[in-house]
Amino acid sequence: MYPVNRVSQRLALRELTHDDVDSVLAIYGSAEVTEHLSFTPRSRDEVGGIVTRSIASATATPRDEYALAVVQRDTNRLIGFARLATDPHQQRAATIGFALRTDAWGVGYGTETVRLLLALAFVDLGLHRIWAARSPLNIASDKTLITAGMTEEGRIRGHVQKNGVWRDSITYSILSEEWEAGPFARDA
C-alpha cells in the first residue's frame, strides 16, 4: 500500500520525504526521547540514512515496512516517527512502534498514533495480530498501549542490548477481532 495517508482528529500518518530529516533528527537525536528505545541518539547522517531507507522501502513489492511521519493536522508539523513492520514469522502479523518529540508528550498524541497504526494494520492491510514492546521503565508507554486497546502479554527477558547492557521488554498485542469489537474501529 502506497502512499499511506491515515488521519485522526488531530494527527495524520504520511510517507516520509527527504525534507523530514531535521524533524526526525529532533526525535531520534534526542537523548530524552531515545532513553527507553532500543538505540542511543542518532546523528544527522544516521537519521538521513533511516529516512532514505524508509522512502525506498515504501515502494517495495511486497511492502513489509511502513516507516511514517506523524504530523499535526492543523500545522502539518512533524511531531513523531511511527513504524509498522510485518512479521515474517507470523501469519498476517506485524509489530508497531513510535517515538514523539518531547514537546508532544502528555497530550494523548501517543495513544492517537497507536490507534492510527492499528487502523492501518487492520483496515488497510487486513492483518490479524499486532504486537508492540516497551522498556520496563517506560511507564508512559504502558499507559499509551493499554489506552489504545492493547493487552499486556508478558516479558521477553534479555531482549534488547543498549550501551552494553541487556534489558527486558514488556510486550502487548491486539487481535483484529478485539479491535473490531472496540470503540475505535468505528472511527477508522
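In the block above lies the structure referred to throughout.
These lines cover the structure that appears in this document, whether it is placed above or below.

For the protein chain, the count of helices and strands is 6 helices and 8 strands. The C-alpha atoms of the protein chain give 16 Å as radius of gyration, which agrees with the globular expectation for 188 residues (16 Å, within 12%). In the protein chain, buried positions account for 46% of the 188 residues. Long-range contacts, defined as pairs at least 24 residues apart, comprise 60% of the intrachain contacts of the protein chain with a sequence gap of at least 6. By element, 49% of the accessible surface of the protein chain is carried by carbon and sulfur atoms, the whole surface being about 9700 Å². Counting 21 positive and 23 negative side-chain charges, the protein chain places the centres of these two groups 2 Å from one another.

Before going further, it helps to spend a moment on the side chain of Ser-176. Its place among the elements puts Ser-176 in helix 6 (residues 176-181). Overall, the relative accessible area of 11% leaves Ser-176 in the buried class. A distance of 3.3 Å separates polar atoms of two side chains, one belonging to Ser-176 and the other to Glu-177.

Take the pattern of salt bridges next. The final tally for this structure, using the stated rule, is 11 salt bridges. A salt bridge links Arg-44 to Asp-22; its shortest N-O distance comes to 2.8 Å. Taken together, the residues span a long stretch of sequence, with Arg-44 in helix 3 (residues 44-58) and Asp-22 in helix 1 (residues 21-28) at a distance of 22 residues. Its salt-bridge partner being Asp-142, residue Arg-134 comes within 3.8 Å of it at the nearest N-O pair. A relative accessible area of 21% places Asp-142 in the partly exposed class.

A separate point is helix 5 (residues 139-147). Ser-141, Thr-144 and Leu-145 are the residues of helix 5 that are buried. For helix 5, the arc enclosing every buried residue in end-on projection is 90°, short of the 170-degree limit, so these residues lie on one face. When the buried face of helix 5 is taken as reference, the exposed residues oriented beyond 90 degrees from it are Ile-139 and Lys-143. Phi turns positive, to about 110°, at Gly-149, one or two residues after helix 5.

Counting residues in each nonpolar core, the largest one holds 33 residues, and the members touching the most others are Leu-13, Leu-84, Ile-96, Leu-118, Ile-130 and Met-150. Elements supplying a minimum of two residues to this core: strand 2 (11-15), strand 3 (65-72), strand 4 (78-86), strand 5 (93-100), helix 4 (109-124), strand 6 (129-134) and strand 8 (165-175). Here this core takes 9 residues from helix 4, the largest share from any one element. Ranked by size, the runner-up nonpolar core spans 18 residues in total, among them Leu-16, Tyr-28, Leu-37 and Ala-99.

We now examine the pairing of strand 6. Of all 6 residues in strand 6, 5 are buried, a share of seventy percent or more. Note: strand 5 against strand 6, 3 bridges, orientation parallel. Considered in strand 6, the bridge of Ala-93 is made with Arg-129. Taken together, strand 5, helix 4 and strand 6 constitute a β-α-β crossover, and its handedness is right-handed.

Looking now at the environment of Val-47. Turning to its location among the elements, Val-47 is positioned in helix 3. Linking Val-47 and Ala-26, residues 21 residues apart in sequence, is a C-alpha distance of 9.8 Å. When near neighbours in sequence (up to four residues on either side) are disregarded, Val-47 contacts Val-21, Val-24, Leu-25, Tyr-28 and Arg-42.

The rules behind the values
- Residues numbered from 1 in each chain as written.
- Predicted model: local features only at pLDDT ≥ 70, side-chain atom pairs only at ≥ 80, totals over all residues.
- Heavy atoms only, no water.
- Helix = DSSP H or I, 4+ residues; strand = E, 2+ residues; numbered from the N terminus.
- Rg over C-alpha atoms; globule rule 2.2 N^0.38 Å.
- Buried < 20%, exposed > 50% of the residue type's maximum accessible area, 1.4 Å probe, protein only.
- Contact = heavy atoms within 4.5 Å.
- Areas by Shrake-Rupley, 256 points an atom, 1.4 Å probe, with all protein chains shown as cover.
- Lys, Arg positive; Asp, Glu negative; His and termini not counted.
- Charge placed at Lys NZ, Arg CZ, Asp CG, Glu CD.
- Polar contact = N/O pair within 3.5 Å; in protein donor to acceptor, adjacent residues only side chain to side chain.
- Salt bridge = Lys/Arg side-chain N within 4 Å of Asp/Glu carboxyl O.
- Arc of directions from axis to C-beta.
- Core = buried A, V, L, I, M, F, W, Y, C linked by side-chain atoms within 4.5 Å.
- Pairing = 2+ DSSP bridges.
- Right-handed = clockwise from strand over helix to strand, strands pointing away.

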